[in-house]
Amino acid sequence: MTRIAVVDHGAGNLVSIARGLERSGADVVVVERGDEFANADGVVLPGVGTTGAAMERLAAAALIDPLRDWDGPMLGICVGLQLFFDSSEEHGGTTGLGVMGGAVRKLESAPLLPHIGWNDVATNGHPIFDGIPSGTPFYFVHSFAPEPANPSVVIGTAEYGDRFVAAAAEGPRVGVQFHPERSSGAGLRLLANFVAIAGAGARAA
């Protein structure tokens, strides 16, 4: 059975995420320390709130270096995706995990913030979207989104004012700005796809 570690750093929809992963046949363990996911097949990094607060919680739990060093499949959700990048302009600027190049910026052209609700996501065929047609709606709650330094890591976009990055992937890491655990059947399929990717034993080169 595929073992998925869901990181508990004090901010995330852990119960809903765990249930969605379990429905896909995963053995889910909620972890609070880096050494607890050493034997996992995949890691899920959820998050709500701000990147700065999330990084503080990760630092307090000694999770920053283990997350940076993890070379297996990892799924970042909402703020979890934003944490992948070098920095965020929230609260005057905060540092992220730096496992993807780029910065997180405010949705300046948004008609209203935060952006809350369903929005169609245009995708490019990445395995995380297997069986999910491009243009499928997902549920968002955010005011910021990443701007990757390398445009090739973008695997999904949505439009709210301007078009923004809704999903990114580089090596074994993939992140989504929306909440799959709150996105009905399509979200459950995305979580199932991550379980399948983790179960295949994907590792960074």
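The paragraphs below set out a description of the structure included in this document. (Residues numbered from 1 in each chain as written. Predicted model: local features only at pLDDT ≥ 70, side-chain atom pairs only at ≥ 80, totals over all residues. Heavy atoms only, no water.)

Examining the pairing of strand S8 (residues 115-123)
Here is step 1 of the chain: Taken together, the seven bridges between S8 and strand S9 (residues 136-142) define a ladder with antiparallel strand orientation. For Asp 120, the partnering residue across the bridge sits in S9 and is Pro 137. (Pairing = 2+ DSSP bridges. Helix = DSSP H or I, 4+ residues; strand = E, 2+ residues; numbered from the N terminus.)

With respect to helix H5 (residues 184-199)
Here is step 1 of the chain: Here H5 is 16 residues long and its end C-alpha atoms lie 23 Å apart, about the 22 Å a rise of 1.5 Å per residue gives.
Here is step 2 of the chain: Taken as a whole, H5 has its buried residues at Ala 186, Gly 187, Leu 190, Leu 191, Asn 193, Phe 194, Val 195 and Ala 198.
Here is step 3 of the chain: Among the structural elements, strand S1 (3-7), helix H1 (14-23), strand S3 (42-45), strand S4 (74-77), S9 and strand S13 (173-176) are those in contact with the buried residues of H5.
Here is step 4 of the chain: Looking at the residues trailing H5, positive phi occurs at Gly 201, about 75°. (Expected span 1.5 Å × (residues − 1). Buried < 20%, exposed > 50% of the residue type's maximum accessible area, 1.4 Å probe, protein only. Contact = heavy atoms within 4.5 Å.)

A closer look at helix H2 (residues 51-60)
Here is step 1 of the chain: The set of residues buried in H2 consists of Thr 51, Gly 52, Ala 54, Met 55 and Leu 58. All buried residues of H2 project into a common sector of 160° when viewed along the axis, lining one side. With respect to the buried face of H2, the exposed residues turned more than 90 degrees away are Glu 56 and Ala 60.
Here is step 2 of the chain: Remark: Ala 62 follows H2 within two positions and exhibits a positive phi of approximately 55°. (Arc of directions from axis to C-beta.)

A word on unusual backbone geometry
Here is step 1 of the chain: Look at the link from Leu 113 to Pro 114: it is a cis peptide, with omega at 0°.
Here is step 2 of the chain: Here Pro 114 shows up in the loop between strand S7 (100-106) and S8.
Here is step 3 of the chain: For Cys 78, which is not glycine, the phi torsion reads 55° and is therefore positive.
Here is step 4 of the chain: Among the structural elements, Cys 78 can be located in the loop between S4 and helix H4 (79-83).
Here is step 5 of the chain: Non-glycine residue Ser 184 carries a positive phi angle of around 55°.
Here is step 6 of the chain: Within the fold, Ser 184 resides in helix H5.

Regarding the environment of Trp 118
Here is step 1 of the chain: Along the polypeptide, Trp 118 turns up in strand S8.
Here is step 2 of the chain: In this structure, the C-alpha to C-alpha distance between Trp 118 and Val 141, residues 23 residues apart in sequence, is 9.1 Å.
Here is step 3 of the chain: Beyond its immediate sequence surroundings of up to four residues, Trp 118 is in contact with Pro 137, Phe 138, Tyr 139, Arg 182, Ser 183 and Ser 184.

Thoughts on the side chain of Ser 88
Here is step 1 of the chain: Structurally, the position occupied by Ser 88 is in strand S5 (residues 85-88).
Here is step 2 of the chain: The class for Ser 88 is buried, based on a relative accessible area of 4%.
Here is step 3 of the chain: With near-sequence residues (within four places) excluded, Ser 88 lies in contact with Thr 51, Gly 93, Thr 94 and Val 104.

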